[in-house]
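Here is how the chains run, residue by residue.
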Amino acid sequence: MTGSVPRRHHDIADDLRHQITTGSIKPGERLPSEAGLAARYRVSTVTLRRALAVLQGEGLVEKIHGKGNYVRHPRRKIMYVGGWGTLDPWTAAEPTLRITVRSTTVPASVHLTTLLKVPTGSPLAEYSCLSLEQGAPHGLARIYIPRDLAPAGVLDDSLRQEAITRFAVLGPSPATVRETVCARIPTPDEASALRIGSTAPVLAITRIATDSTGRAIEAALLTFPGDRVDAVFTAHHVLDERHTPG
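Reading the values: the criteria
Residues numbered from 1 in each chain as written. Predicted model: local features only at pLDDT ≥ 70, side-chain atom pairs only at ≥ 80, totals over all residues. Heavy atoms only, no water. Helix = DSSP H or I, 4+ residues; strand = E, 2+ residues; numbered from the N terminus. Buried < 20%, exposed > 50% of the residue type's maximum accessible area, 1.4 Å probe, protein only. Areas by Shrake-Rupley, 256 points an atom, 1.4 Å probe, with all protein chains shown as cover. Pairing = 2+ DSSP bridges. 1 Å grid on protein atoms, 1.4 Å probe; cavity = no way out; pocket = protein on both sides within 12 Å on 5 of 7 lines; lining within 4 Å. Points joined across faces, edges and corners; volume = space filled by probe spheres on them. Nonpolar A, V, L, I, M, F, W, Y, C, P; charged D, E, K, R; others polar. Contact = heavy atoms within 4.5 Å. Arc of directions from axis to C-beta. Core = buried A, V, L, I, M, F, W, Y, C linked by side-chain atoms within 4.5 Å.

Observations regarding the overall build of the chain
Link 1 in the chain: Helix and strand content of the chain: seven helices and 11 strands.
Link 2 in the chain: Each of the 246 residues in the chain was classed as buried or not, and the buried ones make up 42%.
Link 3 in the chain: Of the roughly 13,600 Å² of accessible surface on the chain, a fraction of 55% belongs to carbon and sulfur atoms.

Some words on the sheet that holds strand β11 (residues 229-232)
Link 1 in the chain: The three strands are arranged β4-β3-β11 in an open sheet whose pairing can be described as mixed. Among the strands making up the open sheet, the edge pair consists of β4 (86-87) and β11.
Link 2 in the chain: In this sheet, β11 lies alongside strand β3 (residues 78-81) in parallel orientation, the contact comprising four bridges. Paired with Ile78 across the two strands is Val229, which belongs to β11.

Notes on the pairing of strand β1 (residues 61-64)
Link 1 in the chain: Across four bridges, β1 lies against strand β2 (residues 68-71) in antiparallel orientation. Each residue of the ladder has a partner; that of Val61, found in β2, is Val71.

Describing the layout of surface pockets
The gaps of empty space that remain are located by a probe, the size of a water molecule, rolled over the atoms.
Link 1 in the chain: Considering only enclosed or pocket space, the largest pocket measures out at about 420 Å³ in volume.
Link 2 in the chain: Considering the residues around the largest pocket, the lining is formed by 19 residues, among which Trp84, Arg166, Ala168, Val169 and Pro174 are closest to the centre.
Link 3 in the chain: For the lining of the largest pocket, the elements supplying multiple residues, two or more each, are α6 (158-165) and β8 (176-184).
Link 4 in the chain: For the lining of the largest pocket, the element with the most residues is α6, which contributes four residues.
Link 5 in the chain: Here the lining of the largest pocket is composed, by residue class, of 10 nonpolar, six polar and three charged.

Overview of the environment of Lys26
Link 1 in the chain: Mapped onto the elements of the fold, Lys26 is located in the loop between α1 (9-21) and α2 (34-41).
Link 2 in the chain: By relative accessible area, Lys26 is classed as partly exposed at 48%.
Link 3 in the chain: Distance from Lys26 to Val71, taken between C-alpha atoms, is 6.8 Å for residues 45 residues apart in sequence.

Focus on the environment of Glu179
Link 1 in the chain: Examined against the element boundaries, Glu179 turns out to sit in strand β8.
Link 2 in the chain: Glu179 gets classed as buried once you look at its relative accessible area, which sits at 18%.
Link 3 in the chain: Along the sequence, Glu179 and Leu221 sit 42 residues apart, while their C-alpha atoms lie 9.9 Å from each other.
Link 4 in the chain: If near-sequence neighbours (up to four positions away) are discounted, Glu179 is found in contact with Tyr80, Val81, Gly82, Gly83, Gly85, Ile205, Thr206, Arg207 and Phe233.

A look at α2
Link 1 in the chain: Every buried residue belonging to α2 is among Glu34, Leu37, Ala38 and Tyr41, and all of these are buried. Down the axis, α2 shows its buried residues gathered within 100 degrees of arc, on one side only. Those residues of α2 that are exposed and aimed more than 90 degrees away from the buried face are Ala35 and Ala39.
Link 2 in the chain: In this structure, the buried side of α2 is in contact with α1, α3 (45-57), β1 and β2.
Link 3 in the chain: Trailing α2 by a residue or two, Arg42 shows a phi angle of about 60 degrees, which is positive.

Quick notes on the nonpolar core
Link 1 in the chain: Tyr80, Tyr127, Ile143, Phe167, Leu170, Leu222 and Phe224 are the most contacted members of the largest nonpolar core, which has 22 residues in total.
Link 2 in the chain: Broken down by secondary-structure element, the contributors of at least two residues to this core are β3, β6 (123-133), β7 (136-146), α6, β9 (202-210) and β10 (216-225).
Link 3 in the chain: Counting residues in hydrophobic clusters, the runner-up holds 16 residues, among them Ile12, Leu31, Tyr41 and Leu52.

As structure tokens, this is what we get:
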């Protein structure tokens, strides 16, 4: 630890952050006890915990119940490829990544009614997918398909298991995929599932797949911690022939 004696919690967070990012405190290393750090910085444990909460929210420090505060190992980023509506197959297929899946049938909420254009309460197949690397969450996908379109045995089919691994469209092949992307704070459920602070930004993608008739065949709500994903979108310029010189 450095010899400086910062007082305010963000000064303490800055000092600890500098030691972590410069390697003075190594990934996986346990920080001194909260009481020990409070004494070192000459602050109350309340102020010290506020400083640690800042670092926890940034994903630099993880508090393990009954053990203490540890410097987190840097998380390798995965890539989401816009337009294809899927995680990059190379990063998604890394052996250190695995997916847990829960499936159930739920009634369409007001939000899903709007996305899928189905009556409120209509039965939907829900697939909740969580990607993990060495036990640490990387991304969350909640995929909804009208029950009459839901493929049978989706969790037993090897091709669809691969699609789940990549957070891809699970239903029939779509004619179009529309994605809306925003950065926001997580909901309490998302923060809990992804094990991030309530103020840590997430990248949220709402993906709607439609068939050739324009029917919405799937809605996917994807959430990624902001520091663990790169989203790549490619735009194709289309010339307007009405204004193209002859």
